[in-house]
Amino acid sequence: MALVDFAFRILGPTQLRVDGRFGGAPPKLSGMLAVLLLEAGRRLSVNELIKRVWTEDEEWPGKPTVHSYASKLRRLLAVAGIEAELVGGRGDYRLMVPQTEIDFYVFKETRQLAEAALADGDQQGACDLLDSAVSLWQDQPLADLRTRWADAQRARLTTNHYLPTCSALIDCQLALCRFDAALDLLDSLQADDPLNPRLAEQHMRALWGLRRKQDALAYYAGYRRLMLAEVGLEPDAELRALHERLFRDDESKSAVAAHSEPDRSATAVAPVLSQLPPAPPDFVGRYDKLRSLDSLIEGPDGEPRLGVIALVGEAGVGKTALALHWAERVRHRFAGAAFVDLHGFSASRHAGPAEVLTVLLGSLGVPPERIPDPPLLPALLRSLLGDRRFLIVLDNAADSEHVERLLQYLAGCVLLVTSRRRLKHLEIRAGARCVTVTPLCFDHAARLLADRLGARVDREPTAFAGLVRLSSRNPLVLRIIGEYVDANAGARLAEAVRQLSQRGALLDVGDEGAGEGATLREIFGCSLRVLSAAHQRLFRLLGLNPGRDISLGAAAALAGCSREEATRGLNALCAAHLMRRTEGIDRYVFYDLLRDYATECVNRDEVEDERRAALNRLFDWYLYSANNAERAASPHAQGIPLLPLSWPITAEEFSGNDDVVQWCSKERANIVAIVAEAYEQGFTGHAWRLPNTLRELFKSYGFYEEILTALPVALRAARAEGSSEGESGSMNNLGYVHSGLNNHVEAEHWFRAAHDLASRMNWSLGSTTALHNVATERVHLGDYDEGIRLYRQVMEVEREEGGDGGLADTLHRLGWAFRRRKRYDQAATHCQQALLIRERIGDMRGQGATLTELAILHYEIGDLATSAEYCDRAYSVHRGTRDYATAGLVRTVQARIENDLCRFSKAIVHAKVAIRLCQRTRSAITEAIALQSLGDSCCALGRTAEGCRAREEALTIFEAYGDPRAAALAPLLDR
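Predicted, not measured: the structure shown is a model, and the values here were computed from it. (Residues numbered from 1 in each chain as written. Predicted model: local features only at pLDDT ≥ 70, side-chain atom pairs only at ≥ 80, totals over all residues. Heavy atoms only, no water.)

Draft legend 1. Quick look at the overall build of the chain. Looking only at helices and strands, one finds 45 helices and 15 strands in the chain. Its C-alpha radius of gyration of 39 Å places the chain more than 25% over the 30 Å reference for a compact globule of 975 residues. Principal axes of the C-alpha set define a box for the chain whose edges measure 125 × 75 × 65 Å. Contacts spanning at least 24 positions in sequence make up 66% of the contacts within the chain whose residues lie at least 6 apart. Of the roughly 41,400 Å² of accessible surface on the chain, a fraction of 49% belongs to carbon and sulfur atoms. (Helix = DSSP H or I, 4+ residues; strand = E, 2+ residues; numbered from the N terminus. Rg over C-alpha atoms; globule rule 2.2 N^0.38 Å. Contact = heavy atoms within 4.5 Å. Areas by Shrake-Rupley, 256 points an atom, 1.4 Å probe, with all protein chains shown as cover.)

Structure representation (structure tokens):
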């Protein structure tokens, strides 16, 4: 390849070729071009470009300035006629250009060609290629830039690319007896790195190759004096061995050339860099993480791949133990290994670059009195490390910047960093590869604790499992629990579980005056205090949330801030591993035990008025979001009057039924907790309104357990507030839910209680609603005439008051009652009237219900074709409204139609879908009908065993509910 055909230079001042000649551009434009060229093809945000081009001492420009430079750069590229395109323009940019147009990538390709030539035994060709590659370096890379990022890149490029290539070139020159050329290059390299042992060895070989024996011995003597004077160490073992061989005059020029490639097994600084503390002896598991770490250092040449690896995770999760265990496993692959505690979360100090370099020099055996002043530390360390690969564990980093300040000094090493914070900027700017350390699996957590507790584990296995669960499988907490149990050796494990289960108990264990970090409270406090005041406040307020997790919108309401501010705060808490995301990008959950700590902090640091204001905002958010969900799913439903807002909040909005289903599914457990907390804290208005608002949605989605837990609390809250409407409504809705579970006697009890209370207070809407529901239960219990009479009584009131939605509901129910009474003409008339009203007012959920009723009606009179048409229309509506309970009923009818038409395979498909939908919504009787249909179809196809199982399940349900269909089904099973 022609090495002069590239168009861009970054190995020196940034230049581009115009009309066959290289020239530069104004400083900031050149800097921006340099960044884009080094990251060719990669998308860079405007903020990244600003941080890389403008120094910290300069005033950083706004985005319009960057866009202006981008426009100038596009014009410059167009004038030059270069095959390159700057893509982007809103939030990011990337330069699309072939790598063969950039000198650095040409350099890398040339180096690879040289390595291939060496592998083929072409020493001459390899030497020429390496010489061409080295000649591409005009000056320091990215010479136009003086930012911290550019300094780190210069160190990386020089250490990882330029110096190894120069060393390889010198080896080739020595092998080809080009000793003068080797010395010229060595002189330039050693001017910056006079103590580098590899360069010193090559220097001695070059002098000896020129038969300058005395000069070689004199050079060694001078080098030895410099080493002793600067660091108090003898030259390394290989250099001393070479000196002895030269001194004995037992090598000829050819022997020197033949041995120009060093013996890597001997390249170790004396003494070896080896200062790893032992890993905890109770280290267990982590096999997947160990394999991941092994793979991250696998280089293409079998040598460890240089760069940064970050282990991140919550406090105490075992990052340091994993780092030390793995470092010990792989230390044989490096020239040496060392450990430095960066004290990133210490209350008193962080270890800066000078302290870290001093520790590393001490690990290399440099006596304290020989360690120079801070400005001279980097040069001394580079000289001692040379071009060999070392493993450095940097434990407990505060953040990305804490590590970035060290990169330029340790560019030739594998850096294994641990931190409680997610090191996002280290990933972006330094290409760090992050491994998140999570809590142990239960079995490994149990093994760690069992090793400490011994035989007591077998005596109380249940209590032992309870202790493991209390630890959240965090190794530090497991050790704390183990120490607690050891200190109370006479107590049973069950007693330890009882004591430690009390809120905040684990935060105090270990508090015996042991100093900083002795308890979980102090450890968590170290993680928290590095955050901004606003983010610390958000952490505290989140301790008020009674739910399992929290959404972005709820967190913003709780903190009384915008969603954007809440996003930044939650991201900061996640980065610090004080919280984590769950179920997507907008839901967050505390790490276990941190919830207790947050609750303790908010009760200690926030005044009561602020705590109650935050809770009020949170309860408002849930109430208004629930109201929006009901409106989206059932626009014509009679809603419950809302409370006035205590603070401007942005409640959840819903674009359709899918959004409503997802929100209710994610929030259902939280809503139960919110209702209980609202009642406990005296917010009774929220406590009774919230579950009553959601009862229809929760019932249709099958969330019976949640709504049956929340509604009794709502009833107590309404009574406590003195709200008769709330009390009557809660009783009415308790009956409604019990009816959905086929508990019709219980349901009627609640409906009559609601009716009596509403009648005493002259609440017409509450009274007619409850009476309507009493009528429904009369029909369910077989008293059709009474049910019809009560429906007609309700309908008269609704016609007088003009409520279309209520009237349509009553007409629908009258049609249902007449069908049950086998008076099909009247049933059809009332259902058609209900359907017309529901179509006119756009009540989709109601339309689906009435279409389903008409499908059942026509099936019962034997009009299968019309029934099938109504089924198709109904199921189409239910798919849109997500009314799973009624959708299951439609599928059941479809299964029975296909059965009657002897299309048994289709019937089986419909029946199985119906069964799943009914199980989801706990619609037991409909499920039994679908099971019976499934059994009939399977038996008709000769799948007798499967059919009998389905019939047996159907019979069990019918009998459990006292359904008369059990008597007809039992003979088919020979019972």
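Draft legend 2. Spotlight on the sheet that holds strand β1 (residues 8-9). Spatially, β1-β2-β3 is the arrangement adopted by the 3 strands of the open sheet, whose pairing is antiparallel. The sheet is open, and its two edges are formed by β1 and β3 (21-23), each paired on a single side. Pairing of strand β2 (residues 15-18) with β3 involves 3 bridges; the strand directions are antiparallel. Of the residues in β3, the one forming a bridge with Leu16 is Gly23. (Pairing = 2+ DSSP bridges.)

Draft legend 3. The arrangement of unusual backbone geometry in detail. Residue Arg286 is not a glycine yet carries a positive backbone phi of 65°. Overall, the relative accessible area of 7% leaves Arg286 in the buried class. (Buried < 20%, exposed > 50% of the residue type's maximum accessible area, 1.4 Å probe, protein only.)

Draft legend 4. Broad picture of the environment of Arg540. Along the chain, Arg540 turns up in helix α25 (residues 533-542). The buried category is assigned to Arg540, whose relative accessible area is 14%. When the C-alpha positions of Arg540 and Arg612 are compared, they lie 13 Å apart, and in sequence the two are 72 residues distant. Each residue touching Arg540, except ones within four places of it in the same chain, is listed here: Ala598, Cys601, Val602, Asp605 and Glu606.

Draft legend 5. Up close: the side chain of Arg154. Relative to the elements of secondary structure, Arg154 occurs in helix α6 (residues 148-175). At a separation of 3.3 Å, a polar atom in the side chain of Arg154 contacts the main-chain carbonyl oxygen of Pro141. Within the structure, Arg154 has its side chain in polar contact with the backbone oxygen of Leu145 (distance 2.9 Å). Residues in contact with Arg154, not counting those within four places in the same chain, are Gln140, Pro141, Leu142, Ala143, Leu145 and Arg146. (Polar contact = N/O pair within 3.5 Å; in protein donor to acceptor, adjacent residues only side chain to side chain.)

Draft legend 6. Spatial organisation of helix α13 (residues 319-330). In a regular helix each residue adds 1.5 Å, so 12 residues correspond to 16 Å; α13 covers 17 Å between its end C-alpha atoms and thus fits that length. Turning to α13, its buried residues are Lys319, Ala321, Leu322, Ala323, Leu324, Trp326, Ala327 and Val330. Buried residues belonging to α13 abut α12 (287-296), β8 (307-312), β9 (336-341), β10 (390-397) and β11 (413-419). (Expected span 1.5 Å × (residues − 1).)

Draft legend 7. Fine view of the sheet that holds strand β13 (residues 550-551). One open sheet holds the 3 strands; their spatial order is β13-β15-β14, and the pairing between them is antiparallel. Two strands bound the open sheet, and with one partner strand each, they are β13 and β14 (579-581). Pairing of β14 with strand β15 (residues 587-590), which is carried by 3 bridges, proceeds in the antiparallel orientation. Each residue of the ladder has a partner; that of Arg580, found in β15, is Val589.

Draft legend 8. Spatial organisation of the UniProt feature "repeat: TPR" (unreviewed entry) in the chain. This chain's UniProt record puts "repeat: TPR" (unreviewed entry) on residues 768-801. The span residues 768-801 shows a helical share of 91% and a strand share of 0%, and its end C-alpha atoms are spaced 11 Å apart. (UniProt positions renumbered as here; feature names shortened; annotations may be inferred.)

Draft legend 9. Looking closely at the side chain of Asn692. Within the secondary structure, Asn692 sits in helix α31 (residues 684-700). On the basis of relative accessible area, Asn692 is assigned to the buried category, the value being 5%. Once you skip the residues sitting within four places of it in the chain, Asn692 turns out to touch Ile640, Leu711, Ala714, Gly726, Gly729, Ser730 and Asn733.

Draft legend 10. Local environment of the environment of Asp659. You can see Asp659 is positioned in helix α30 (residues 657-680). Classification of Asp659 as partly exposed rests on a relative accessible area of 28%. Measuring from C-alpha to C-alpha, the distance between Asp659 and Arg943 comes to 41 Å, with 284 residues separating the pair along the chain.

Draft legend 11. Inspection of helix α21 (residues 475-487) at higher detail. Helix length check: α21 (13 residues) gives 18 Å between terminal C-alpha atoms against 18 Å at 1.5 Å per residue, within 8%. Those residues of α21 that fall on the buried side of the exposure criterion are Pro475, Val477, Leu478, Arg479, Ile480, Ile481, Gly482 and Val485. In the core, the buried residues of α21 are packed alongside α18 (442-453), α19 (456-459), α20 (461-470), α22 (493-500), α23 (505-508) and α24 (520-529). The N-terminus of α21 is capped by Asn474, whose side-chain oxygen sits 2.9 Å from the backbone nitrogen of Leu476.

Draft legend 12. Just the pairing of β15, in detail. With burial as the criterion, each face of β15 is covered, one bearing Arg587 and Val589 and the other bearing Tyr588 and Phe590. Inspection of the sheet shows β13 paired to β15 by 2 bridges, in the antiparallel sense. Residue Ile550 lies in a different strand from β15, and its bridge partner there is Tyr588.

Draft legend 13. Region of interest: the nonpolar core. Counting residues in each nonpolar core, the largest one holds 125 residues, and the members touching the most others are Leu467, Leu542 and Trp663. Those residues in contact with Leu467, other than ones at most four positions away along the chain, are Leu449, Leu453, Ile481, Val485, Leu493, Ala496, Val497 and Leu500. Counting residues in hydrophobic clusters, the runner-up holds 117 residues, among them Met32, Cys127, Tyr162 and Leu380. (Core = buried A, V, L, I, M, F, W, Y, C linked by side-chain atoms within 4.5 Å.)

Draft legend 14. View of the pattern of salt bridges. The final tally for this structure, using the stated rule, is 53 salt bridges. One salt bridge in this structure joins Glu39 and Arg52, with 3.1 Å as the shortest N-O distance. Of this pair, Glu39 sits in the loop between α1 (27-38) and β4 (44-45) while Arg52 sits in helix α2 (residues 46-53), placing them 13 residues apart in sequence. Of the charged contacts, one joins Asp843 and Arg838 as a salt bridge, the two residues approaching to 3.9 Å between their closest N and O atoms. Taking relative accessible area as the criterion, Asp843 reaches 13% and is therefore assigned buried. Because the salt bridges share partners, they merge into one network encompassing Glu39, Arg42, Glu48 and Arg52. (Salt bridge = Lys/Arg side-chain N within 4 Å of Asp/Glu carboxyl O.)

Draft legend 15. Structural detail: the packing of aromatic side chains. For the structure shown, the criterion picks out 17 aromatic pairs. Note on Phe104 and Phe107: the rings are 6.5 Å apart at their centroids and 20° apart in plane angle, and the pair reads as stacked. A residue pair is termed a helical-turn pair when its members lie 3 or 4 positions apart in one helix, as Phe104 and Phe107 do in helix α4 (residues 103-119) at 3 residues. For the pair Phe104 and Phe107, one class covers both residues: buried. Relative to Phe683, the ring of Phe619 lies with its centre 5.1 Å away and its plane at 70°, an arrangement referred to as edge-to-face. Here Phe619, found in helix α29 (residues 608-633), pairs with Phe683, found in the loop between α30 and α31; they are 64 residues apart in sequence, far enough to count as distant. (Phe/Tyr/Trp six-rings, centres within 6.5 Å; stacked < 30°, edge-to-face > 60°.)

Draft legend 16. Main features of the UniProt feature "domain: Bacterial transcriptional activator" (unreviewed entry) in the chain. In the numbering adopted here, UniProt assigns the feature "domain: Bacterial transcriptional activator" (unreviewed entry) to residues 102-247. Structurally, residues 102-247 is divided into 77% helix and 0% strand, and its ends, taken at the C-alpha atoms, are 47 Å apart.

Draft legend 17. A look at the packing of α25 against helix α26 (residues 552-559). Orientation of α25 relative to α26, taken along the N-to-C sense of each, is 105°, at an axis distance of 10 Å. In terms of axis orientation, α25 runs roughly perpendicular to α26. Side by side, α25 and α26 meet where Arg537, Leu538, Leu541 and Leu542 of the first sit next to Ala555, Leu558 and Ala559 of the second. In the contact of α25 with α26, the residues fall into 6 nonpolar, no polar and 1 charged. (Axes fitted to C-alpha atoms, helices over the stretch in contact; angles between N-to-C directions. Parallel < 35°, antiparallel > 145°, perpendicular 65-115°, else oblique. Nonpolar A, V, L, I, M, F, W, Y, C, P; charged D, E, K, R; others polar.)

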